[in-house]
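Coordinate inspection notes
One-letter residues, chain by chain:
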Amino acid sequence: MQRTPISTTHAPAAIGPYSQAIRWGQFVYTSGQIALDPASGELVDDEVQAQTQRVLQNLQAVLTQAGTSLANVVKTTVFLTRMSDFPAMNAVYASYFSGVTPARSTVAVAELPRQALVEIECIALIED
């Protein structure tokens, strides 16, 4: 199997030496997305709800480029700078997933790039 990098201008460009995602066989492994607006490169807001929405839109853009979608996500990892933001993040997160929801880990971290409040990465299946 070959590793194939995934890149789209509909999500923020990588801010370091990494790919937005890698396809490996039937799976796509995304890098963590923070709430950067793809057009401006700026953080969208200072509220976790708005940031979570932008993060999930960014992930959807990457997954679309890879030929899949949030509906095929099997695992996510959520990083929060404040665990007190969990209920607000979770409400937005839940609105993006229906049916069988992916497995998920949520961890509190000391800091995220660009002072973001939330970062999410995922693994998704590509159905042929």
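Everything below is about the structure printed above this text.
Predicted model only: the values in this text are computed from it and were never measured.

Some details on the side chain of threonine 52
Relative to the helices and strands, threonine 52 resides in helix H1 (residues 48-66). By relative accessible area, threonine 52 is classed as buried at 0%. The residues contacting threonine 52, other than those within four sequence positions of it, are Met89, Val92, Tyr93 and Val118.

A closer look at the layout of surface pockets
One way to see where empty space is left: roll a probe the size of a water molecule over the atoms. Of the voids in this model, the largest pocket is the one considered here, and its volume is about 170 Å³. Lining the largest pocket are 13 residues, with Ile15, Tyr18, Gly32, Gln33 and Ile34 positioned closest to its centre. Residues that form the lining of the largest pocket fall into these classes: eight nonpolar, four polar and one charged.

Overview of the pairing of strand E6 (residues 118-125)
Summarising the sheet, strand E3 (residues 27-30) and E6 pair through three bridges and their orientation is antiparallel. For valine 28, the partnering residue across the bridge sits in E6 and is alanine 124. As paired elements, strand E4 (residues 73-80) and E6 share seven bridges and run antiparallel to each other. In the strand pairing of E6, threonine 77 is matched with glutamate 121.

Quick notes on the rules
- Residues numbered from 1 in each chain as written.
- Predicted model: local features only at pLDDT ≥ 70, side-chain atom pairs only at ≥ 80, totals over all residues.
- Heavy atoms only, no water.
- Helix = DSSP H or I, 4+ residues; strand = E, 2+ residues; numbered from the N terminus.
- Buried < 20%, exposed > 50% of the residue type's maximum accessible area, 1.4 Å probe, protein only.
- Contact = heavy atoms within 4.5 Å.
- 1 Å grid on protein atoms, 1.4 Å probe; cavity = no way out; pocket = protein on both sides within 12 Å on 5 of 7 lines; lining within 4 Å.
- Points joined across faces, edges and corners; volume = space filled by probe spheres on them.
- Nonpolar A, V, L, I, M, F, W, Y, C, P; charged D, E, K, R; others polar.
- Pairing = 2+ DSSP bridges.

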